[in-house]
Amino acid sequence: MIPRIDFQKLAAGDTDTLQAVAFGARDTGFLLLENTPISAARQQAVLAAYLRFFRQDPAVKSEVDMARTGSNRGWGASRSEQVDPVSNPDYKEVFDCGVPLPETDPLSDLPVYAPNLWPSSPAGFRQTIEAYFLEAREVAMEVLRGIAWAIGHDADAFADKFARPMALLRGNYYPPRPIWAGDRDFGIATHTDYGCLTLLATDGRGGLEVELRDGSWHSVQGGAGVFIINFGEMLEMWSGGAVKATPHRVVGDAEERISAPLFFNPDYEANVAPSGSDNPISAGQHLSRRYAETYLHMKNG
Ligand SMILES: O=C(O)CCC(=O)C(=O)O
Ligand SMILES: [Fe+2]
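Residues numbered from 1 in each chain as written. Chains lettered and ligands numbered in written order. Predicted model: local features only at pLDDT ≥ 70, side-chain atom pairs only at ≥ 80, totals over all residues. Heavy atoms only, no water.

An unreviewed UniProt entry lists the protein chain under the name 2-oxoglutarate and iron-dependent oxygenase domain-containing protein, from Spiribacter insolitus. On record in UniProt, under Sequence similarities (unreviewed entry), the comment for the protein chain is "Belongs to the iron/ascorbate-dependent oxidoreductase family." (UniProt positions renumbered as here; feature names shortened; annotations may be inferred.)

Structure below.
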């Protein structure tokens, strides 16, 4: 049901692979991606670095608490984000980092380009995460080119709007499902991602569920070295609905779980309206509005 894509074949433009990508993009809005330049060991090392950060004393994490800032950089405590207005705030913790602009850039004051906050420990955390962020953006870019091609566009139709990407790399930490959790409590409640595509590394444990078109929930699990790809609201708009932004969630269970999504968001100034539309849609405004709706410390008013 969810196509398994070989990254090297996608990059080479293999016809069967492109067809499978087009099917996945239009049908469930999810793909599994294997054989990328990022090895299973590398993925696991990155997840281990996040785990070391999250398992620290809350006092260390609160040094980089995003709640004290006007942006989403650093640590987000449990229940600091509410992705679904009809559910309670998520019980996951997060660590977010983005791609800051040089101070001389006229857009550098925008929260979506805010400087990163790095914790004093664990040692080497920043280096590990920054290096991975670069590698993951390259993979995401190649996948986006493949998707454009697969759905009948020029390969660069979307990819040339990532000169100053509002990309966000997140570590998600799901503690064991709390004893107090009820029907409206989730690791992450039902949501669609906001951007173009999400490149998700997981520890291989299940937990992610995807809502199919008939309203049923289907578990998605990536094995060692496999990425889970899904598509976001901006690509759904930009592709005129050809690519689907699919609702998904993590209910959580007795085991802790860790995942690392790269939210591959384009330039602030990118127009993500479908081609030929007279009504431009600003990527920066869309993302800022979604952040303001979901991060509790960024809610307007
Ligand atoms: O942890 C997961 O498997 C999914 C996380 C997710 O959907 C998100 O962070 O947007
Ligand atoms: Fe998501």
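Okay, helix α2 (residues 15–26) next. The end-to-end C-alpha distance of α2 is 17 Å, a good match for the 16 Å that 12 residues give at a rise of 1.5 Å each. Looking only at α2, the buried set comprises T17, L18, V21, A22, G24 and A25. For α2, the angular spread of the buried residues around the axis is 165 degrees, confining them to a single face. Across α2 from its buried face, at more than 90 degrees, point the exposed residues T15, D16 and Q19. Buried residues along α2 sit against β1 (4–6), α1 (7–11), β2 (30–34), α5 (125–150) and β10 (227–231). (Helix = DSSP H or I, 4+ residues; strand = E, 2+ residues; numbered from the N terminus. Expected span 1.5 Å × (residues − 1). Buried < 20%, exposed > 50% of the residue type's maximum accessible area, 1.4 Å probe, protein only. Arc of directions from axis to C-beta. Contact = heavy atoms within 4.5 Å.)

Let's shift gears to the coordination of the iron ion (ligand 2). Every protein donor of the iron ion (ligand 2) is accounted for by H191 (NE2), D193 (OD) and H248 (NE2), and the metal-donor separations fall at 2.1 to 2.2 Å. When the donors of the iron ion (ligand 2) are listed by position in the chain, the intervening gaps give H-x1-D-x54-H. Residue D193 is classed as buried on the basis of its relative accessible area of 5%. (Donors = N, O, S within 2.8 Å, 3.2 Å for Na, K, Ca; no water.)

As a matter of local geometry, ligand 1 sits amid 13 residues, with N172, Y174, H248, R257 and S259 nearest to it. The contact in question runs from an oxygen atom of ligand 1 to an N or O atom on the side chain of N172, over 2.9 Å. Note that an oxygen atom of ligand 1 is positioned 2.7 Å from one of the side-chain N or O atoms of S259. Against a free-state accessible area of 300 Å², the protein chains account for coverage of 97% of ligand 1. Among the elements that make up the shell around ligand 1, the one with the highest residue count is strand β12 (residues 257–264) (4 residues). (Near = heavy atom within 4 Å. Polar contact = N/O pair within 3.5 Å; in protein donor to acceptor, adjacent residues only side chain to side chain. Areas by Shrake-Rupley, 256 points an atom, 1.4 Å probe, with all protein chains shown as cover.)

Taking 1.5 Å of rise per residue, the 15 residues of helix α3 (residues 40–54) would be expected to cover 21 Å, and the 21 Å separating its terminal C-alpha atoms lies within 8% of that figure. Here α3 has its buried residues at Q43, V46, L47, A49, Y50, L51, F53 and F54.

A few words now on the sheet that holds strand β6 (residues 188–191). The strand order across the open sheet built from 4 strands is β6-β11-β8-β9, with neighbouring strands paired in antiparallel fashion. One side of each edge strand has no neighbouring strand; the edge strands of this open sheet are β6 and β9 (217–220). Pairs of neighbouring strands in the sheet enclose a mean axial angle of 25 degrees, with direction left out of account. With 4 bridges connecting them, strand β8 (residues 208–211) and β9 associate as antiparallel partners. Of the residues in β9, the one forming a bridge with V210 is H218. (Pairing = 2+ DSSP bridges. Axes fitted to C-alpha atoms, helices over the stretch in contact; angles between N-to-C directions.)

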